[in-house]
Amino acid sequence: MKYWLMKTEPETYSFDDLKGEKNQSAHWDGVRNYQARNLMRDEMKLGDQVLFYHSNCKIPGVVGVAEVSRESYPDFTSWDKDSNYFDPKSSEENPRWFMIDVKWKKAFHRIVSLKELRDVSELEGMKLLQRGQRLSVQPVTEAEFNTVCELGFHDEK
DNA sequence: GCCAACGTTGGC
DNA sequence: GCCAACGTTGGC
């Protein structure tokens, strides 16, 4: 099993939004970055665990755990002319973009903020914390995943 | 809202 | 294939 971190802007789509979906599961459309696409298309497998990260908000940080509930398939918003994510170079015959489904699993007891993550020495190597790191889908190690979860399920800071 | 750090695009 | 210009991300 592999471990991932996925970013989203809560004003656009939040962890609670995911929880409110039918089956608490949703397709992760709109990723238009080749590195992130390749990870989703080639690496993310059913049951992989996902740290759910809220970005571009008051307190950026990890808010809970989700898991991969469907493996890679074409992102159909890429050939929908009315979609914000429309890409004229993508078609049904030759899709350029791919997505997966994620399923809500468990909310942390408290948000584990970016600020707090930076203070944990075990997490120094975490991709999220590297300078200039902007990938919206990124791998995390099992140790990093477990460390973040321990923080999130621990009521006190 | 600012802006640093990226990724992408397109002329050459 | 280089690289300047432009667009985007995302913390602050």
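Our subject is the structure listed above.
This structure is a prediction, so every number in the text was calculated from the model and none was measured.

Draft legend 1. Here's a closer look at unusual backbone geometry. The backbone of Asn23 sits at a positive phi, close to 60 degrees, despite the residue not being glycine. One can find Asn23 in the loop between helix H1 (15-19) and strand E2 (25-27). Phi at Asn56 is positive, roughly 55 degrees, even though this residue is not glycine. Within the secondary structure, Asn56 is located in the loop between strand E3 (49-54) and strand E4 (61-74).

Draft legend 2. View of the pattern of salt bridges. Applying the stated criterion across every chain, the model contains 6 salt bridges. A salt bridge links Asp87 to Arg96; its shortest N-O distance comes to 4.0 Å. For Arg110, the salt bridge is made with Glu116, and the minimal N-O distance between the two is 3.0 Å. The two residues Arg110 and Glu116 agree in class, both being buried.

Draft legend 3. Structural detail: the protein's contact with DNA strand B. Close contacts around DNA strand B come from Tyr34, Gln35, Arg131, Gly132 and Arg134, and that covers them all. For DNA strand B, the fraction of protein-proximal atoms (within 4 Å) that sit in sugar or phosphate groups is 68%. For the surface near DNA strand B, the class distribution of residues is 1 nonpolar, 2 polar and 2 charged.

Draft legend 4. Spotlight on the sheet that holds E2. Strand order in the open sheet formed by 6 strands is E2-E5-E4-E3-E1-E6, with mixed pairing between adjacent strands. Across the chains shown, the open sheet's two edge strands, defined by having one partner strand only, are E2 and strand E6 (137-140). This sheet shows a mean twist of 35 degrees between the axes of neighbouring strands, independent of strand direction. With 10 bridges joining them, E4 and strand E5 (residues 98-113) adopt antiparallel strand pairing. Directly across from Pro74, in E5, lies its bridge partner Phe98.

Draft legend 5. The packing of aromatic side chains, seen in detail. Going through the model one piece at a time under the given rule, you end up with 7 aromatic pairs. Ring centres of Tyr13 and Trp28 lie 5.9 Å apart, and the angle between their planes is 85 degrees; on these two criteria the pair is classed as edge-to-face. Separated by 15 residues along the polypeptide, Tyr13 in the loop between strand E1 (3-8) and H1 and Trp28 in the loop between E2 and helix H2 (34-43) bring together distant segments of the chain. An aromatic cluster of three or more residues is present, and its members are Tyr13, Phe15, Trp28, Phe52 and Trp104. Positioned above the aromatic ring of Tyr73, the side-chain terminus of Arg70 is 3.4 Å from the ring centre.

Rules behind the numbers
Counting restarts for each chain: residues are numbered from 1 in the order of the written sequence. Working convention: letters from A go to chains and numbers from 1 go to ligands, in the order in which they are written. Where local features are concerned, this predicted model is filtered to residues with pLDDT of at least 70; where side-chain atom pairs are given and counted, the filter is 80 or more; whole-chain, interface and lining totals use all residues. Each side-chain value is derived from all of the structure's non-hydrogen atoms; neither hydrogens nor water enter the calculation. Numbering of helices and strands runs from the N terminus; a helix is a DSSP stretch of H or I covering at least four residues, while a strand is a stretch of E covering at least two. For this document, the term salt bridge refers to a Lys or Arg side-chain nitrogen within 4 Å of an Asp or Glu carboxyl oxygen. Here's how the labels work: a residue is buried when its accessible area is under 20% of the maximum for its type, exposed when over 50%, partly exposed in between, all with a 1.4 Å probe on protein chains only. We call a residue near a molecule or strand as soon as one heavy atom of that residue lies within 4 Å of the molecule or strand. Each residue receives one of three labels: charged for Asp, Glu, Lys and Arg, nonpolar for Ala, Val, Leu, Ile, Met, Phe, Trp, Tyr, Cys and Pro, and polar for the others, Gly being one of them. Note on pairing: two strands pair once DSSP finds at least 2 bridges between them. Whenever a helix is involved, its axis is fitted only over the stretch in contact; in every case the axis is a line through C-alpha atoms, and angles between N-to-C directions fall within 0 to 180 degrees. In this scheme Phe, Tyr and Trp rings, the latter by its six-membered ring, pair at centre separations within 6.5 Å, and the angle between planes marks the pair as stacked below 30 degrees, edge-to-face above 60, and tilted otherwise. Only when the NZ of Lys or the CZ of Arg is both within 6 Å of the ring centre and within 35 degrees of the ring normal is a charge said to sit over the ring.

Note that every value here comes from positions in space, so none of it alone points to a role or purpose.
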